[in-house]
Amino acid sequence: GVPTDTEEAEDTDQPPLPVVERHLARDENFAILLEDILIIGIHLVDHSDGPYPREWSLRHQDDVQWVEEQLSRHRKETNSDKNDQRDDDHHNDDTTERNSRVPMSEPAYRAVVLLGHAPATDSAKMGNFFGPIKHDLAMQDIPVLYLHAHVGISDGDGESLVEYMPYPNEVPKMRAAEIPVGGGEMGILKVRVGTTDEPFEFE
């Protein structure tokens, strides 16, 4: 018969393939915990020919929920988290609003890589996604890289990688990079994640 991924990995002495999680609300959203790097892909576009405003809003709500779910899921659980969860379950009602849905326990990841299409901005169209997300990411206090497509609004020529800090004051550990069209002169982009304060390197 056809070998499974596990059987093939055992035959070649390779580690098992990482698990790809899919968002129930939007199958195009995905996440992978690759060792201690959390990779999150979201359907985030910014185009004049996009959907109606209500659809933008609903999509961004789903994207925020997916990112927060992933940031929350992969944690090193502590006793205080269990107590907090019991308190939340006991006191939860529609009038309760938390500043962030992401717990404060130590994450199981040391860096986050976000993948999208639109650039990271505070524009009216993108603000209802990046507004809550940049708050969540700042609370994590770990390096974050947001990779997105070349959409023709930056100073880049579409042929080279453009790196920038989208929120230097609010999320100082967040970097963003606009990927060249078709890979540009770099071809296929490889990202290495080191262990320094600025761990992201491009090849």
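See the structure printed just above.
Calculation rules
Residues numbered from 1 in each chain as written. Predicted model: local features only at pLDDT ≥ 70, side-chain atom pairs only at ≥ 80, totals over all residues. Heavy atoms only, no water. Salt bridge = Lys/Arg side-chain N within 4 Å of Asp/Glu carboxyl O. Helix = DSSP H or I, 4+ residues; strand = E, 2+ residues; numbered from the N terminus. Buried < 20%, exposed > 50% of the residue type's maximum accessible area, 1.4 Å probe, protein only. Axes fitted to C-alpha atoms, helices over the stretch in contact; angles between N-to-C directions. Parallel < 35°, antiparallel > 145°, perpendicular 65-115°, else oblique. Left-handed = near helix turned anticlockwise from the far one by under 90°. Contact = heavy atoms within 4.5 Å. Nonpolar A, V, L, I, M, F, W, Y, C, P; charged D, E, K, R; others polar. 1 Å grid on protein atoms, 1.4 Å probe; cavity = no way out; pocket = protein on both sides within 12 Å on 5 of 7 lines; lining within 4 Å. Points joined across faces, edges and corners; volume = space filled by probe spheres on them. Pairing = 2+ DSSP bridges. Right-handed = clockwise from strand over helix to strand, strands pointing away.

### Some points on the pattern of salt bridges
Thinking step 1. Counting across every chain of the model gives 11 salt bridges.
Thinking step 2. Between Glu69 and Arg73 there is a salt bridge, with the nearest N and O atoms lying 2.5 Å from each other. Within this pair, Glu69 and its partner Arg73 are both found in helix 2 (residues 53-73), separated by 4 residues, close to a single helical turn.
Thinking step 3. Looking at Arg73, the relative accessible area reads 44%, which means it is partly exposed.
Thinking step 4. Residue Glu198 pairs with Arg175 through a salt bridge whose shortest N-O separation is 3.2 Å. Residue Glu198 is found in the loop between strand 8 (191-193) and strand 9 (200-202), and its partner Arg175 is found in strand 7 (residues 174-179); the two are separated by 23 residues along the sequence.
Thinking step 5. You can call Arg175 partly exposed: its relative accessible area is 23%.
Thinking step 6. Through salt bridges that share partners, Glu21, Glu69 and Arg73 make up one connected network.

### Description of the packing of helix 2 against helix 4 (residues 127-140)
Thinking step 1. Contact pair helix 2 / helix 4: the axes reach a minimum separation of 9 Å and the direction vectors enclose 15 degrees. Taken together, the axis directions place helix 2 and helix 4 in an arrangement best described as roughly parallel. Like other packed secondary-structure pairs, helix 2 and helix 4 cross with a definite hand, here right-handed. Here helix 2 contributes Ser57, His60, Asp63, Val64, Val67, Glu68 and Leu71 to the contact with helix 4, which in turn contributes Asn128, Phe129, Pro132, Ile133, Asp136 and Leu137.
Thinking step 2. In terms of residue class, the contact of helix 2 with helix 4 is made up of 7 nonpolar, 3 polar and 3 charged.

### Thoughts on the layout of surface pockets
Thinking step 1. Approximately 340 Å³ is the volume attributed to the second largest pocket.
Thinking step 2. Together, 14 residues line the second largest pocket, and Leu34, Ile39, Val191, Arg192 and Val193 are the ones closest to its centre.
Thinking step 3. Elements that contribute at least two residues to the lining of the second largest pocket include exactly strand 3 (37-41) and strand 8.
Thinking step 4. By residue number, the principal contributor to the lining of the second largest pocket is strand 8, which donates 3 residues.
Thinking step 5. Each residue belonging to the lining of the second largest pocket can be placed in one class, and the counts come to 9 nonpolar, no polar and 5 charged.

### Side note on the sheet that holds strand 5 (residues 144-149)
Strand pairing in a sheet takes place through backbone hydrogen bonds and is either antiparallel or parallel in direction.
Thinking step 1. Here we have 7 strands laid out as an open sheet, ordered 1-2-3-4-5-7-6, and mixed in their pairing. Unpaired on one side and paired on the other, strand 1 (20-22) and strand 6 (162-164) mark the two borders of the sheet. Averaged over all neighbouring strand pairs, the angle between strand axes comes to 20 degrees, with direction disregarded.
Thinking step 2. Pairing between strand 6 and strand 7: 3 bridges, direction antiparallel. Within the sheet, the bridge partner assigned to Val162 lies in strand 7 and is Glu178.
Thinking step 3. The strands touched by helix 2 are strand 1, strand 2 (30-34), strand 3 and strand 4 (111-115); relative to strand 3, the strand with the most contacts, the crossing angle is about 165 degrees.

### Here's the deal with the pairing of strand 5
Consecutive side chains of a regular strand alternate in pointing toward one face of the sheet and then the other.
Thinking step 1. Where burial is concerned, most of strand 5 is hidden: 5 out of the 6 residues are buried.
Thinking step 2. Regarding topology, helix 4 serves as the crossover connection from strand 4 to the parallel strand 5, and that connection is right-handed.
Thinking step 3. As paired strands, strand 5 and strand 7 are joined by 6 bridges and run parallel to one another. Within strand 7, the residue paired with His148 across the bridge is Glu178.

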